[in-house]
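# A closer look at the structure
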Amino acid sequence: MNENSLDRSSTDNLLALNIDKDTWIYTYGSSKLQQVRSFGYECNDRYLQERLKAEYPGFRINRASVSKKLDFPPLYAIKESLKWNDAYVAKQYSHGEVIAIDNYLGKYQIIKKTTKPWYLIYKNILTIDENDPKEVAFYIMLIIIITSPIVGIIILK
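The following refers to the structure shown.

## A word on the pattern of salt bridges
- Applying the stated criterion across every chain yields a total of six salt bridges.
- Of the charged contacts in the structure, one is a salt bridge between Glu 50 and Arg 46, with a shortest N-O distance of 2.7 Å. Of this pair, Glu 50 and Arg 46 both sit in helix 4 (residues 44-55), four residues apart, roughly one helical turn.
- By relative accessible area, which is 35% here, Arg 46 ends up partly exposed.
- Because the salt bridges share partners, they merge into one network encompassing Lys 21, Asp 22, Arg 37 and Glu 42.

Spelled out as structure tokens, the structure:
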């Protein structure tokens, strides 16, 4: 196990125990963080950075205005938010849809940019209803049909 990553099951236990800063640093923090902390420095930014990376990979502290829960988020974002306890889909102007979790360590909102499925990136060109699996399957099959002769020619050469 990497020194900066935690098993998700043990992370849930840590959150339930509401582990304090020093205990976390000396149990899970990097050796550099432990050394600097032992000299009496607060290390707040580094502690937050390491703990967030270990407990919620891909998330970051939201230092902008608080993201508000969307009234009608896209289905792909809802599915992504279900991977995390107490997460919801929010809108942030600079990042679009984000997964947000409030009260991280009792005072921070953390966010993670959602990952749009590949077929929605070109939604303006191909009008695909992401909530209709038949329509998505149709476009996937159309792409396969169009590209298969090209792949066949490449293989035969």
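Additional details are given in the paragraphs that follow.
## Focus: the nonpolar core
- With 14 residues, the main nonpolar core has Leu 52, Tyr 56, Phe 59, Trp 84, Ile 101 and Ile 110 as its most contacted residues.
- Of all the secondary structure elements, the ones that give two or more residues to this core are helix 4, helix 5 (75-81), strand 3 (87-92) and strand 4 (96-104).
- The leading source of residues in this core is strand 4, at three residues.
- What Ile 110 contacts, discounting residues up to four positions off in sequence, is Leu 52, Tyr 56, Phe 59, Arg 60, Ile 61, Asn 62, Ile 99, Ala 100, Ile 101 and Tyr 104.
- By size, the runner-up hydrophobic cluster in this structure holds seven residues, among which are Trp 24, Leu 33, Cys 43 and Ala 54.

How each quantity is defined
Residues numbered from 1 in each chain as written. Predicted model: local features only at pLDDT ≥ 70, side-chain atom pairs only at ≥ 80, totals over all residues. Heavy atoms only, no water. Salt bridge = Lys/Arg side-chain N within 4 Å of Asp/Glu carboxyl O. Helix = DSSP H or I, 4+ residues; strand = E, 2+ residues; numbered from the N terminus. Buried < 20%, exposed > 50% of the residue type's maximum accessible area, 1.4 Å probe, protein only. Core = buried A, V, L, I, M, F, W, Y, C linked by side-chain atoms within 4.5 Å. Contact = heavy atoms within 4.5 Å.

Worth remembering: the numbers are spatial, not functional.
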